[in-house]
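Descriptive structure summary
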Amino acid sequence: MQAPIAEQRALLQLQAHDSAIDRLDHRRGSLPEDARLAELGDALAAVDQLTAERNGNLATVQRDQSRLEHEIDMVTAKARTEEARAVSGKVTSPKELTAIQEEVAGLKRRQSTLEDELLELMEQRETLEGELAGLATRRDGFTAEQAEVTKARDAALVEIDRELDAERAARDGVVPGVGEQLRALYDQVRSRQGGVGAATLVGNTCQGCRVSISPVELAAIRKLPPEEIKRCENCRRILVVE
């Protein structure tokens, strides 16, 4: 295959724009802000899960606390009623008075036990409410950082897209200078060689694979007409001799 020298040099310009576009596409898809946003999303999900668990525990403690408070009120009222009955003078039987006193003592023991349980529940509630406050603070911090990182990510995307538009426009300007046959070969090689289909020959080294060409092959390349399309013996990329 042959192509004018100007066309071969235009191919190098096309390669430069394609490489720049590839780099920008890679940068666009691997922004550190995206990685941080993923981490923040995981952190928020973990905080929300812990918050849901603590809220569930708190709701249970609150129900138990209400139940105990109601039961304590009932036991206390019952003890007061029995004490009032004992001192009212209406009960004259020593046996019945003794029974009332024993019942009051039992009610007060029950009251003491319930109050101990209530105190423990109140401590659990205080702990849970403290944990929930801490989780809310953490969530606010993650959410604030998420907003900042999103803003930075969006700004980076705008800049990358601006550069991509410029590179694509420049590429479109170069394409007409490369014949269809040469461009088809370039596209074929580029797809097989990691995005690089054409490279310059500097001295005896292919700038595509950075491997030195053998003296025999180098001599053969330099004997070819300038218009002849040359290929690297190692990577098979199109070689443009400057």
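In this report, we go over the structure that sits alongside the text.

On to the side chain of Thr 205, then. For Thr 205, the position within the fold is in strand β2 (residues 205-206). The residues touching Thr 205, leaving out its near neighbours within four places in the chain, are Thr 200, Arg 210, Val 211 and Ser 212.

Across all of its chains, the model carries zero disulfides by this definition. Summary of cysteine pairing: Cys 209 is not part of a disulfide, and the nearest cysteine sulfur, belonging to Cys 235, is at 3.7 Å. Lacking any disulfide linkage, Cys 235 is separated from the closest cysteine sulfur, that of Cys 232, by 3.6 Å.

Another aspect to go through is the pattern of salt bridges. If you walk through the whole model with that rule in mind, you get 22 salt bridges. With a closest N to O distance of 2.8 Å, Arg 36 and Glu 145 form a salt bridge. Placement of Arg 36 in helix α2 (residues 32-87) and of Glu 145 in helix α3 (residues 94-174) is noted, with a sequence separation of 109 residues between them. For Arg 36, a relative accessible area of 29% translates into the label partly exposed. A salt bridge links Lys 108 to Glu 83, with the shortest nitrogen-to-oxygen separation between them at 2.6 Å. Of this pair, Lys 108 sits in helix α3 while Glu 83 is found in helix α2, placing the two residues 25 residues apart along the sequence.

Take unusual backbone geometry next. Residues other than glycine seldom take positive phi values, yet Arg 210 does so here, at roughly 60°. Relative to the elements of secondary structure, Arg 210 occurs in the loop between β2 and α5 (215-223). A relative accessible area of 59% places Arg 210 in the exposed class. Phi at Arg 236 is positive, roughly 70°, even though this residue is not glycine.

This part covers the sheet that holds strand β4 (residues 238-241). In space, the four strands of this open sheet follow the order β2-β1-β4-β3, with mixed pairing throughout. Unpaired on one side and paired on the other, β2 and β3 (230-231) mark the two borders of the sheet. Sheet strands in contact with helix α1 (residues 5-29) are β1 (198-202) and β4, and its direction is about 115° off that of β1.

Turning next to the packing of α2 against α3. Remark: α2 packs on α3, axes separated minimally by 6 Å, with the N-to-C direction vectors making an angle of 160°. Classified by the interaxial angle, the pair formed by α2 and α3 is roughly antiparallel. The chirality of how α2 crosses α3 is left-handed. Tallied by class, residues from the contact of α2 with α3 come to 27 nonpolar, eleven polar and 25 charged.

Further remarks concern the environment of Ala 105. The residue Ala 105 is located in helix α3 in this model. By relative accessible area, which is 30% here, Ala 105 ends up partly exposed. Spatially, the C-alpha atom of Ala 105 lies 103 Å from that of Ser 212, the residues being 107 residues apart in sequence.

About the thresholds
Within each chain, residues carry numbers counting from 1 in the order of the written sequence. Owing to the predicted nature of the model, reporting of local features is limited to residues with pLDDT of at least 70; listing and counting of side-chain atom pairs is limited to 80 or more, with chain, interface and lining totals taken over all residues. Computation of side-chain values: all heavy atoms of the structure, hydrogens and water removed. Only DSSP runs of H or I with at least four residues qualify as helices, and only runs of E with at least two residues qualify as strands; both kinds are numbered from the N terminus onward. Should any heavy atoms of two residues lie within 4.5 Å, those residues are considered in contact. By definition, disulfides here are pairs of cysteine sulfur atoms that lie within 2.5 Å. Salt bridge, as applied in this entry: a Lys or Arg side-chain nitrogen positioned within 4 Å of an Asp or Glu carboxyl oxygen. A simple rule labels every residue: compare its accessible area, found with a 1.4 Å probe on the protein chains alone, to the largest value its type can have, and call it buried under 20%, exposed over 50%, or partly exposed in between. Here a strand pair is declared whenever DSSP counts at least two bridges between the two strands. Structural elements are reduced to axes, namely lines fitted to C-alpha atoms, with helices fitted over the stretch in contact, and the angle between N-to-C directions of any two is expressed from 0 to 180 degrees. Orientation categories follow fixed angle ranges, with anything under 35 degrees roughly parallel, anything over 145 roughly antiparallel, 65 to 115 roughly perpendicular, and all other angles oblique. Should the near helix be turned anticlockwise from the far one by less than a right angle, the crossing is left-handed, and should it be turned clockwise, the crossing is right-handed. Think of it as three bins: nonpolar holds Ala, Val, Leu, Ile, Met, Phe, Trp, Tyr, Cys and Pro, charged holds Asp, Glu, Lys and Arg, and polar takes everything else, Gly as well.

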